Amino acid sequence: MDVVSTAPVELERPDAEEVVVPDTPWVTIVWNDPINLMSYVTYVFQTYFHYSRQKAEKLMMDVHHKGKAVVSSGTREEMERDVEAMHSYGLWATLEKSGKGGDGRTGRGGGA
Amino acid sequence: MTRGFSSRRSGITATFDKAEVAVLRGLLGELLELLRGDEQKPSPPSEPTEPTAGSPAPRDSEEAQDFADDPFAAIVRHLGGTDDDKPEPPSDEVLKRLLPNAYVDDEDAAAEFRRFTEQGLRDGKVTNAETVLGSLGEPNRKGEVTVTLDRGEAEAWLRTLTDLRLAIGTRLGVDQDDDVRWAMLDDDSYAKQVYGVYLWLGYVQESLVHALF
């Protein structure tokens, strides 16, 4: 093309920053600690998440034996609410993207 | 010694003897001081450092002082780590456990989360501790106090018992399956007596969870 146009050329492929990446689900993780009673942890999982006794006990045993367990998943906002609730019960919980470390894209230039 | 909580028609009830009531009042006072007072530099224990609605702190601290001659209460008074002479780190260690980080790998996100949630969490813990204090009614002739709780008060007790165990456990450096280490300590040692309080709180909490289930 000999002619140089001063008008911006419209590309069919949208700009990379405008691509909408679907929200990777976030998860709430409860960590084991040497202080909280197993019965209490089970109670919290039943009361707050409305899990059955069986499921609550299983999650509690996972926390106890494996050191941590995923107790819920959803949007980041939902997980922050769950983590805050866990802290209000005295459990130690954190949230993170599920499959964290897999895609390498944080979308915000964040990450430590 | 208390038989712990049980579920009755009137509610969730337990009777505590005079010494247990004294320990509870002392611990609750320390916890409230810790939750309310950490953000400012050391101040006299009898004054709340943050304005809170209907704060009973002066009266509770006075009661703690009243037990000054009681060695058990003296032990309890040192648990908060907010003594004027002490540097902040012990308080921070306990507060860090009571108000932990929400993100493992992201300090900025953790700080943001804390900025939005910490005050609410603190306030909630203060309210719960005050509810527990408020439920400790008048003692009978033997100095015993019987508490009868509705569901809301029982939840406050559960959460506050947890906070107390977290505070003491963190200060003591409790670890998983470390019973042997504690058994080997001299019975007269300060740490072992405090550990006894820690176990007692666990026993009370266990009974409350079972009464609620």
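Keep in mind that this is a model prediction, so the values were computed, not measured.

S.K.: Any chance you could explain unusual backbone geometry here in plain terms?
M.R.: Trans peptide bonds make up most of the peptide bonds, and negative phi angles are found at most residues other than glycine. The phi dihedral of H50 of chain A falls on the positive side, at around 60°, and the residue is not glycine. Along the chain, H50 of chain A turns up in the loop between helix 1 (38–49) and helix 2 (53–66).

S.K.: Looking at this structure, I do not really get the environment of R36 of chain B. What am I missing?
M.R.: All names here are of chain B. One can find R36 in helix 1 (residues 18–37). Its relative accessible area of 4% is what places R36 among the buried residues. For the pair formed by R36 and V126, sequence separation is 90 residues and the distance between their alpha carbons is 7.6 Å. At 2.4 Å, the side chain of R36 forms a polar contact with the side chain of E130.

S.K.: Would you mind showing me how to read the pattern of salt bridges here?
M.R.: Opposite charge on two side chains allows them to pair when their charged atoms are near. The full count for this structure, using the stated rule, is 13 salt bridges over all chains. Put simply, D163 of chain B and K125 of chain B hold a salt bridge, and the shortest N to O gap is 2.8 Å. Here D163 of chain B, found in helix 6 (residues 151–172), pairs with K125 of chain B, found in helix 5 (residues 107–135); they are 38 residues apart in sequence, far enough to count as distant. With respect to burial, D163 of chain B and K125 of chain B carry one shared label: buried. One salt bridge in this structure joins K192 of chain B and D187 of chain B, with 2.8 Å as the shortest N-O distance. Its relative accessible area of 18% is what places K192 of chain B among the buried residues. The structure contains a network of salt bridges with shared partners spanning K58, D62 and K66 of chain A.

S.K.: Please clarify how the packing of helix 1 of chain A against helix 2 of chain A should be interpreted in this entry.
M.R.: All names here are of chain A. At a minimum axis distance of 8 Å, the contact between helix 1 and helix 2 shows a crossing angle of 130°. As judged from the angle between their axes, helix 1 and helix 2 are oblique. Seen along the crossing, helix 1 lies across helix 2 with a hand that is right-handed. Of helix 2, the residues touching helix 1 (which contributes M38, V41, T42, F45 and Q46) are R53, A56, E57, L59, M60, M61, V63 and H64. For the contact of helix 1 with helix 2, the per-class residue count stands at eight nonpolar, three polar and two charged.

S.K.: Which parts of the structure should I look at to understand the interface of chain B and chain A?
M.R.: Interface extent is often summarised as the accessible area lost during association of the parts. Residue-level contacts link 34 residues of chain B with 32 residues of chain A. Note on chain B versus chain A: buried area summed over both sides is about 2,800 Å², and carbon and sulfur give 56% of it. Interface area lost by chain B to chain A is led by Y103, R159 and F213 of chain B, which between them contribute 21%. Applying the counting criterion to the chain B and chain A interface returns one salt bridge. With its nearest N and O atoms 3.2 Å apart, the salt bridge here joins D33 of chain A to R97 of chain B. For the interface between chain B and chain A, the tally reads 15 residue pairs in polar contact (both at pLDDT 80 or more). Those elements that place two or more of their residues in the side of chain B that touches chain A are helix 4 (89–98), helix 5, helix 6 and helix 8 (190–212) of chain B. Counting residues per element, the side of chain B that touches chain A draws most heavily on helix 6 of chain B, at nine residues.

S.K.: It is not clear to me how the sheet that holds strand 3 (residues 92–97) of chain A should be interpreted in this structure. Could you clarify?
M.R.: Two modes of strand pairing occur in sheets, parallel and antiparallel, and in both the strands are linked by backbone hydrogen bonds. Residues and elements named next belong to chain A. One open sheet accounts for three strands, arranged 2-1-3; its pairing is antiparallel. Edge positions in the open sheet fall to strand 2 (68–74) and strand 3, since each of these has one partner strand only. Strand-to-strand twist of the sheet, defined as the mean angle between neighbouring strand axes without regard to direction, takes the value 30°. Note: strand 1 (residues 26–31) against strand 3, six bridges, orientation antiparallel. Residue pairing across strands places W26 opposite K97, the latter belonging to strand 3. Packing against the sheet, helix 3 (residues 76–88) makes contact with strand 1, strand 2 and strand 3, and its axis sits at approximately 170° to strand 3.

S.K.: Just to check I follow, could you spell out the confidence of the model for chain B for this structure?
M.R.: A low pLDDT score tells you not to read the predicted coordinates there in detail. All names here are of chain B. Averaged over every residue, the pLDDT of chain B is 80; the share at 70 or more is 74%. With pLDDT under 50 throughout, residues 40–69 is counted as low confidence; its partners more than four residues away or in other chains account for 34 contacts. Note that pLDDT drops below 50 for residues 80–91; the model gives that stretch 22 contacts with residues more than four away or on any other chain. Scored as a complex, the prediction yields pTM 0.74 and ipTM 0.75.

Here is what the cut-offs are and how they apply
- Residues numbered from 1 in each chain as written.
- Chains lettered and ligands numbered in written order.
- Predicted model: local features only at pLDDT ≥ 70, side-chain atom pairs only at ≥ 80, totals over all residues.
- Heavy atoms only, no water.
- Helix = DSSP H or I, 4+ residues; strand = E, 2+ residues; numbered from the N terminus.
- Buried < 20%, exposed > 50% of the residue type's maximum accessible area, 1.4 Å probe, protein only.
- Polar contact = N/O pair within 3.5 Å; in protein donor to acceptor, adjacent residues only side chain to side chain.
- Salt bridge = Lys/Arg side-chain N within 4 Å of Asp/Glu carboxyl O.
- Axes fitted to C-alpha atoms, helices over the stretch in contact; angles between N-to-C directions.
- Parallel < 35°, antiparallel > 145°, perpendicular 65-115°, else oblique.
- Left-handed = near helix turned anticlockwise from the far one by under 90°.
- Contact = heavy atoms within 4.5 Å.
- Nonpolar A, V, L, I, M, F, W, Y, C, P; charged D, E, K, R; others polar.
- Buried area = accessible area lost by both parts, 1.4 Å probe.
- Pairing = 2+ DSSP bridges.
- pLDDT = per-residue confidence, 0-100.

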